[in-house]
Amino acid sequence: MTETIEALQCDQQLDVSGLICPLPVLKTKATLSRMAVGEVLKVIVTHPDSRREFPVLCRLPEFELVASSEEGDRFLYWIKKVAGKTV
């Protein structure tokens, strides 16, 4: 992991390890909907399809993929809520 990734701050963390797509994306979207604009969610995923699914999620205008990383069999995503309402 690079120093840049290690320095990333998050407001919340969501571990969806062991779940298969689309559940990690659905749970991530639900968690982000409850967060305030400007907050960052760190998501831990083990399903390899997440490498394709999370960038697609972050094409929505509400979310920005700040960074992503792989650590062994884990995929890490930092997603910032940039628009929308808090539910």
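Conventions we followed
Residues numbered from 1 in each chain as written. Predicted model: local features only at pLDDT ≥ 70, side-chain atom pairs only at ≥ 80, totals over all residues. Heavy atoms only, no water. Helix = DSSP H or I, 4+ residues; strand = E, 2+ residues; numbered from the N terminus. Rg over C-alpha atoms; globule rule 2.2 N^0.38 Å. Contact = heavy atoms within 4.5 Å. Areas by Shrake-Rupley, 256 points an atom, 1.4 Å probe, with all protein chains shown as cover. Lys, Arg positive; Asp, Glu negative; His and termini not counted. Charge placed at Lys NZ, Arg CZ, Asp CG, Glu CD. Salt bridge = Lys/Arg side-chain N within 4 Å of Asp/Glu carboxyl O.

A. The arrangement of the overall build of the chain in detail. When you go through the chain residue by residue, the secondary structure sums to 3 helices and 4 strands. Going from the N terminus to the C terminus, the chain shows its helices and strands as α-β-α-β-α-β-β. Relative to the 2.2 N^0.38 estimate, which gives 12 Å for 87 residues, the radius of gyration of the chain is 12 Å and therefore close to what a compact globule would have. Principal-axis analysis of the C-alpha atoms gives the chain an extent of 35 × 30 × 20 Å. Within the chain, counting contacts between residues at least 6 apart in sequence, those at least 24 apart form 67% of the total. Total accessible area computed for the chain in this model is approximately 5100 Å², and 51% of it derives from carbon and sulfur atoms. Computed over 11 positive and 12 negative side-chain charges, the inter-centroid distance for the chain is 8 Å.

B. Spatial organisation of the pattern of salt bridges. Using the criterion set out here, one finds 3 salt bridges in the structure. The partner of Asp49 in a salt bridge is Arg52, and the shortest N-O contact between them spans 4.0 Å. Through salt bridges with shared partners, a single ionic network connects Asp49, Arg52 and Glu53.

Interpretation note: all reported values are geometric properties and have no functional meaning in isolation.
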